[in-house]
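Listed below, chain by chain, are the residues.
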Amino acid sequence: MLRVFRSCAAMPGRALCTDADAAAAAALELFLKNISRPKMGQAKAKQSAGQRAVDLTKQLNKLKGLTVEELTLMSSAELKRRGLPTQERKRIISFGHKLRTGWEHDGLVREKHAWKGWRAPQHDLRPPSESRGTQSPAE
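Predicted, not measured: the structure shown is a model, and the values here were computed from it.

Peer 1: Mind showing me how you'd approach the overall build of the chain here?
Peer 2: Secondary structure summary: the chain contains five helices and two strands in total. Its helices and strands taken in sequence order, the chain reads α-α-α-α-α-β-β from the N to the C terminus. Looking at the chain residue by residue over its 139 residues, the buried ones come to 24%. Taking contacts inside the chain between residues at least 6 apart in sequence as the whole, the part at least 24 apart equals 48%. Taken as a whole, the chain presents about 10,400 Å² of accessible surface, with 55% of it coming from carbon and sulfur.

Peer 1: Explanation requested: the nonpolar core in the structure shown.
Peer 2: Nonpolar side chains tend to gather and get buried jointly when the protein is soluble and globular. In terms of nonpolar packing, the biggest core is built from 16 residues, with F31, L32, I35, L63, L71, L79 and I92 touching the most fellow members. Taken together, the elements giving at least two residues each to this core come down to α1 (18-35), α3 (68-72) and α5 (86-100). Broken down by element, the residue count for this core peaks at four residues, all from α1. With near-sequence residues (within four places) excluded, L79 lies in contact with L63, L71, M74, L84, R89, I92 and I93.

Peer 1: Help me out: how do you make sense of the environment of P121 in this one?
Peer 2: Tracing the backbone shows P121 in the segment after β2 (118-119). A C-alpha to C-alpha distance of 5.1 Å links P121 and W103, two positions 18 residues apart in sequence.

Peer 1: Quick question: what am I supposed to make of the pattern of salt bridges here?
Peer 2: It is possible for side chains bearing opposite charge to pair when their charged atoms get close. In total, this model carries one salt bridge according to the counting rule given. Here R119 ties to E104 by a salt bridge, and the two come within 3.6 Å at their closest N and O atoms. Of this pair, R119 sits in strand β2 while E104 sits in strand β1 (residues 104-105), placing them 15 residues apart in sequence.

Peer 1: I'm lost on the side chain of E88 in this one. Help?
Peer 2: Position of E88 among the secondary structure elements: in helix α5. Each residue touching E88, except ones within four places of it in the same chain, is listed here: R52, V54, L56 and Q59.

Peer 1: Before we go on, may I ask you to explain the environment of L79 in this structure?
Peer 2: When you line up the elements, L79 lands in helix α4 (residues 76-81). What makes L79 buried here is its relative accessible area of 0%. Residues L79 and K62 lie 17 residues apart in sequence; the distance between their C-alpha atoms is 9.0 Å.

Conventions adopted
The residue count restarts for each chain, going from 1 along the sequence in the order it is written. Local features in this predicted model are restricted to residues of pLDDT 70 or higher, and side-chain atom pairs are both shown and tallied only at a pLDDT of 80 or more, whereas totals for entire chains, interfaces and linings draw on every residue. Only hydrogens and water are removed before side-chain values are computed, so all heavy atoms of the structure are retained for them. Under the scheme used here, helices are H or I runs from DSSP no shorter than 4 residues and strands are E runs no shorter than 2 residues, and both carry numbers assigned from the N terminus. Under the scheme applied here, a residue whose accessible area is under 20% of the maximum for its type counts as buried, over 50% as exposed, and between as partly exposed, the area being computed with a 1.4 Å probe on protein chains only. Whether two residues are in contact is decided by their heavy atoms, any of which lying within 4.5 Å being enough. All accessible-area figures derive from a Shrake-Rupley calculation using a 1.4 Å probe, and residue coverage is judged against the displayed protein chains alone. Nine residue types can take part in a nonpolar core, namely buried Ala, Val, Leu, Ile, Met, Phe, Trp, Tyr and Cys, and a core is a set of them joined through side-chain atoms within 4.5 Å. Here a salt bridge means any side-chain nitrogen of Lys or Arg lying within 4 Å of a carboxyl oxygen belonging to Asp or Glu.

Structure follows, in structure tokens:
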């Protein structure tokens, strides 16, 4: 039976893949850190689930062997099979969608509120001009 390996970590004889694996793991850890959320205010008994801290870097061992691109394309069912709790799955899917649609993190390292550094994509709203290859309206 043919077996497909997703990463070089599964193939110990491939020494050349270690740098690529380390870079992919570092990018995944940075993505998870950037979407983690600190505790939001003083939690009450009935509201604690929505205000608790969500540290997604703790789930890194369940996501071993994935890249950021593969993680953003995973479905909730696939993440559930890996053992991720519901709140973490929802947050990964939400920010994965943002990443795929062009949102970017500003790159600033924040101890608290790292998730606030996401910027919306810039859209070109200028009217078409002759310099971009379109014709002006007929006179």
